[in-house]
Amino acid sequence: MNITPNEYNEMAKKASPGTKSYKTIPAAFLVGGLICTLGQLLNNVYMDAGMSKDTASTVTSITLIFAAALLTGLNLYNKIAKFAGAGTLVPITGFSNGVVSPALEFKSEGYVLGLGAKLFVIAGPVIVYGITASAVYGVILYLFKLY
Amino acid sequence: MMEYLYAFLVGGLLCAIGQVLIDYTKLTPARILVAYVVAGVILGGIGLYEPLVEFAGAGATVPLTGFGYLLSKGVKEAVAEKGLLGAMTGGLTAAAAGITAAVVFGFLVALIFKPKDKSV
Amino acid sequence: MSQRISKDTILLTNAPSILASAAVVGKKEGEGPLARHFDIIYDDTTLGEETWEKSESKMQKSAVEKALEKANLSSSEIQLLFAGDLLNQCISSSYGLRDFDIPFYGLYGACSTMTESLGLASLFADNGLLDYGVAVTSSHFCSAERQFRLPLEYGGQRPPTSQWTVTGSGAAIVGQSGKPPYVRGVTIGKIIDMGIKDINNMGAAMAPAAHNTIKTFLQDTNTRPEDYDLILTGDLGKVGSDLLIDLLKHDQIDLSGVHQDCGKLIYDLEAQDVHAGGSGCGCCASVLCSYILKRIQEGVLHNVLVIATGALMSTTSFQQGESIPGIAHLVYLSDSKGS
């Protein structure tokens, strides 16, 4: 064949339709924004109920995580995500969906190595890199006496 | 009312950036989540995220960058209190509620529900 | 005796026949344009089983049983099974067919397995090595998605180049019957890798393999696309089909008039939201074993080339950053025995 892999990659790029960003980006903005607005609403309700600012923020996160876990179980979260893309990925609800979906899916491989282990397939890296970054930050703070 | 608008705009914007990354880069969703959390730790560490949280409330705390910010905030407080040990305890302590909630609810939902065919 | 005419192509001079075939599919496929041609449509894609892997095994078994029933044969009369699927170690085939007590060749050619198995069964039959053999493959959206991508409940978007794994299975019984459709030739595909790495663009990864196989067969037999009523690829989808036509144009071969793709036929791409089209072993299997073979029997189609295409990567090779090699095996079907 007289076509090189590079030329073919160019051909393939041309033949492949791109994502319709004029649809996906506004959808992500809208749904992501609404989830955050809901978070703000919950936060205000909890603060009105007498919680401190930090507590209200924590309880808000827990509420959103619970709601997303439930929607995942009901097979609804992926339907919203199909429209919203990053709008349902980036908020804490996406983290929850990332925990629940593999746990549910791999239950058939057992409760320990299926559900238990696969629960962290998507969320695990987030925790690993988040915590490592925070520990590095803590050491820097300590060494340079920035606290 | 303005706080809801700010939450909507900032939260929406953070998500829109994520969508740009999905559409125009080879980054997979898992990598984007990791990048957001680490970015949150860094922005929190250099003091840029705090003002955003003041301004946008849940618009800044609900996205995963907020999770990273929470980790950095926890570490900062713990290091001030316990010294070097705080670098080890601060992050997880601050994130404990979120991680535990996700694990426990994840476990319960996985126990109760059955996987379904999303193709039908 | 089969006659090898080149490194790649073998002509089957005794023209074995496909005695009967059966296609069973899931709900989504049963809502597509080919619905009325399928033998069984399972609206419940679990098939009453606890795991998706068991559902797929059962589906493959039911395709074989249905084909046997249509051929009026019992399983004890079958001398050899050629079967494959997409799951690790081909478990859908080995678990689905283990109760049959028939000698079994498990095959892996990714989505090209239908023509791989049909080609091998036909070669055996052509050389008098079996009276009746069965070629069967399957794929299931849920088991494939679990293995190759992400959990089903995980929220995400599929890019426009992605393809939808067909829930379906097709089985063909090969033997000597003196009735069409006849298998007249096979071209065994080579592994072709043009460096595509995008796991969401399988059509582009496989099109060069289809191009190579089709070009080889036409050269070896000294024929042109116009000599065939239909040149049918397995699951290139929209993107891969366009690329195949383009690639062949570089060789002054115009396929556009006679080319179709199972991945484009099985779904209504727009209405069923499957992006670039169907894919999976079950895609070519269910379309070939229903609609296409029927049309050859009816004499509507006379000479047909079927080229199922496979992408030979695994989740490991993909995560290690390897490109995706493709393969395509060709089977030449006809309603006449030829001279």
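Everything below is about the structure shown above.
Our subject in this report is the structure included herewith. (Residues numbered from 1 in each chain as written. Chains lettered and ligands numbered in written order. Predicted model: local features only at pLDDT ≥ 70, side-chain atom pairs only at ≥ 80, totals over all residues. Heavy atoms only, no water.)

Observations regarding the packing of helix α2 (residues 52-71) of chain C against helix α5 (residues 141-148) of chain C
Angle between the axes and distance between the axes: these two values describe a pair of packed helices. Residues and elements named next belong to chain C. Where α2 contacts α5, the two axes come as close as 8 Å, and the packing angle between them is 135°. Between α2 and α5, the angle is such that the two are oblique. Taken as a pair, α2 and α5 cross one another with a handedness that is left-handed. Side by side, α2 and α5 meet where Trp-52, Glu-53 and Glu-56 of the first sit next to Cys-142, Ser-143 and Arg-146 of the second. Looking at the contact of α2 with α5, its residues break down into two nonpolar, one polar and three charged. (Axes fitted to C-alpha atoms, helices over the stretch in contact; angles between N-to-C directions. Helix = DSSP H or I, 4+ residues; strand = E, 2+ residues; numbered from the N terminus. Parallel < 35°, antiparallel > 145°, perpendicular 65-115°, else oblique. Left-handed = near helix turned anticlockwise from the far one by under 90°. Contact = heavy atoms within 4.5 Å. Nonpolar A, V, L, I, M, F, W, Y, C, P; charged D, E, K, R; others polar.)

Re the pattern of salt bridges
In this structure the tally under the stated criterion is 17 salt bridges over all chains. Among the salt bridges present, the one from Asp39(C) reaches Lys70(C), with a minimum N-O distance of 2.7 Å. Taken together, the positions of Asp39(C) in the loop between α1 (27-30) and β4 (40-42) and Lys70(C) in helix α2 put the pair 31 residues apart, joining distant regions of the chain. A residue is classified by how much of its surface remains accessible, and Asp39(C), at 26% relative accessible area, is partly exposed. Where Arg224(C) meets Glu226(C), a salt bridge forms, and the shortest distance between an N and an O atom there is 3.4 Å. Judged on exposure class, the residue Arg224(C) and its partner Glu226(C) are both exposed. Connected via shared salt-bridge partners are Glu105(A), Glu109(A), Glu53(C) and Arg146(C). (Salt bridge = Lys/Arg side-chain N within 4 Å of Asp/Glu carboxyl O. Buried < 20%, exposed > 50% of the residue type's maximum accessible area, 1.4 Å probe, protein only.)

As for the environment of Leu42(A)
All names here are of chain A. Secondary-structure assignment places Leu-42 in helix α2 (residues 21-48). Exposure remark for Leu-42: the relative accessible area of 19% places this residue in the buried category. In this structure the C-alpha to C-alpha distance between Leu-42 and Ala-56, which are 14 residues apart in sequence, comes to 8.2 Å. Ignoring sequence-local partners within four residues, the contact set of Leu-42 consists of Thr-60, Thr-63 and Leu-64.

Remarks on the packing of α2(A) against helix α4 (residues 77-84) of chain A
Residues and elements named next belong to chain A. Axis separation between α2 and α4 bottoms out at 8 Å; the angle between their running directions is 130°. Here α2 lies oblique to α4, going by the angle between them. For the pair α2 and α4, the contacting residues are Ala-27, Ala-28 and Val-31 in the first and Ile-80, Phe-83 and Ala-84 in the second. The residue makeup of the contact of α2 with α4, split by class, is six nonpolar, no polar and no charged.

Looking at the nonpolar core
Core analysis: the biggest nonpolar cluster contains 53 residues, and Ile92(A), Phe95(A), Leu33(B), Val62(B), Leu64(B) and Phe67(B) have the highest contact counts within it. Only α2, α3 (53-73), α5 (86-89), α6 (92-105) and α8 (120-143) of chain A together with α2 (29-45), α5 (64-82) and α6 (85-112) of chain B provide two or more residues apiece to this core. The element best represented in this core is α6(B), accounting for eight residues. Ignoring any residue separated from it by four or fewer positions in sequence, one finds Leu64(B) in contact with Val90(A), Pro91(A), Ile92(A), Phe95(A), Leu33(B), Tyr36(B) and Val37(B). Met114(C), Ala135(C), Tyr291(C) and Val304(C) belong to the second-largest nonpolar core, a separate cluster that totals 51 residues. (Core = buried A, V, L, I, M, F, W, Y, C linked by side-chain atoms within 4.5 Å.)

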